[in-house]
Amino acid sequence: RECHEVAAFRDQRQRTMEPRTELINPAPVVHRRKTLARGAALRTSRTHAEADEEARDGFDAEEIFEHIKDINDPEHPYSLEQLDVVSQAHVTVDDNTDRIKVAFTPTVPHCSMATLIGLSIRVKLLRVLPRRFKVDITVSPGSHSSEVAVNKQLNDKERVAAALENPNLLEKVDLCLNGQTVM
């Protein structure tokens, strides 16, 4: 069974890395960006608070959303926020237990880019958050035809580490994080 799961993950990664000529979702619904009034003030106040290295930085859902909202969709020249793949309402932060949960909703139930989207979210948070946080990335319940398999891939440390050792896949993640499309 484990060999089958590893092979399935490898096959999913391979499909994600293969050049595609057709889009999975050729006409996504694009939403207006939501502006958060607190965003600039939050970044400014965080800078002053970070001067005290002994102080423990507090995090909330709004700040986590600010970090992930501009990740680009791998298939379209829009952010995950614009496609309503991520929203602040689906970010949960428990600063007392150092846990963060992000649920995302692919634009179509059969999205083969779901693991790449989730991996991009995970990598972004790994790069910006203190190591004390345990981060869970999941597909929103009922939003993907392979929900269980995608969630398992995105939250298995060894699978994520193996994926990030693949230079082709890491390049695709970096493209998404830098506001570019993979396709």
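Residues numbered from 1 in each chain as written. Predicted model: local features only at pLDDT ≥ 70, side-chain atom pairs only at ≥ 80, totals over all residues. Heavy atoms only, no water.

Caption draft 1: Broad picture of the pairing of strand β2 (residues 99–104). Where strand β1 (residues 91–94) and β2 come together, 4 bridges link them in antiparallel fashion. Pairing of Val91 across the sheet is with Val102, part of β2. As paired elements, β2 and strand β3 (residues 134–139) share 6 bridges and run parallel to each other. Each residue of the ladder has a partner; that of Ala103, found in β3, is Thr138. Between the parallel elements β2 and β3, the chain passes through helix α4 (residues 114–128) in a crossover that is right-handed. (Pairing = 2+ DSSP bridges. Helix = DSSP H or I, 4+ residues; strand = E, 2+ residues; numbered from the N terminus. Right-handed = clockwise from strand over helix to strand, strands pointing away.)

Caption draft 2: Structural detail: empty space enclosed by the protein. Inspection of every chain in the model, using the stated rule, returns 2 cavities of 30 Å³ or more. The volume enclosed by the second largest cavity comes to roughly 60 Å³. Taken together, Asn25, Asp73, Pro74, Glu75, Val85, Pro106, Thr107, Cys111, Met113 and Ile117 make up the lining of the second largest cavity. (1 Å grid on protein atoms, 1.4 Å probe; cavity = no way out; pocket = protein on both sides within 12 Å on 5 of 7 lines; lining within 4 Å. Points joined across faces, edges and corners; volume = space filled by probe spheres on them.)

Caption draft 3: Quick look at α4. End to end, α4 covers 22 Å across 15 residues, agreeing with the expected 21 Å (1.5 Å per residue, within 8%). For α4, the tally of buried residues reaches 11 of 15 residues, placing the bulk of the element in the interior. Listed as buried for α4 are Ala114, Thr115, Leu116, Ile117, Gly118, Leu119, Ser120, Ile121, Arg122, Val123 and Leu125. (Expected span 1.5 Å × (residues − 1). Buried < 20%, exposed > 50% of the residue type's maximum accessible area, 1.4 Å probe, protein only.)

Caption draft 4: The nonpolar core, seen in detail. One finds Ile68, Val102, Phe104, Ile121 and Leu125 to be the most contacted residues of the largest nonpolar core, which totals 39 residues. Where this core is concerned, the elements lending two or more residues are α3 (61–68), β2, α4, β3, α5 (147–154), α6 (157–164) and α7 (167–177). In terms of residue count, the dominant contributor to this core is α4 (7 residues). In this structure Val102 touches Ile64, Ile68, His90, Val91, Ile121, Leu125, Asp136, Ile137 and Thr138, once residues within four positions along its chain are discounted. (Core = buried A, V, L, I, M, F, W, Y, C linked by side-chain atoms within 4.5 Å. Contact = heavy atoms within 4.5 Å.)

Caption draft 5: Summary view of the environment of Arg99. Looking at where Arg99 falls in the secondary structure, it is placed in strand β2. Arg99 sits 34 residues away from Phe133 along the chain, and the two C-alpha atoms are 5.5 Å apart. Apart from the residues lying within four places of it in its own chain, the contact partners of Arg99 are Thr92, Val93, Asp94, Phe133, Lys134 and Asp136. Side-chain polar atoms of Arg99 contact the side chain of Asp136, separated by 2.6 Å. (Polar contact = N/O pair within 3.5 Å; in protein donor to acceptor, adjacent residues only side chain to side chain.)

The analysis is restricted to geometry; functional conclusions fall outside its scope.
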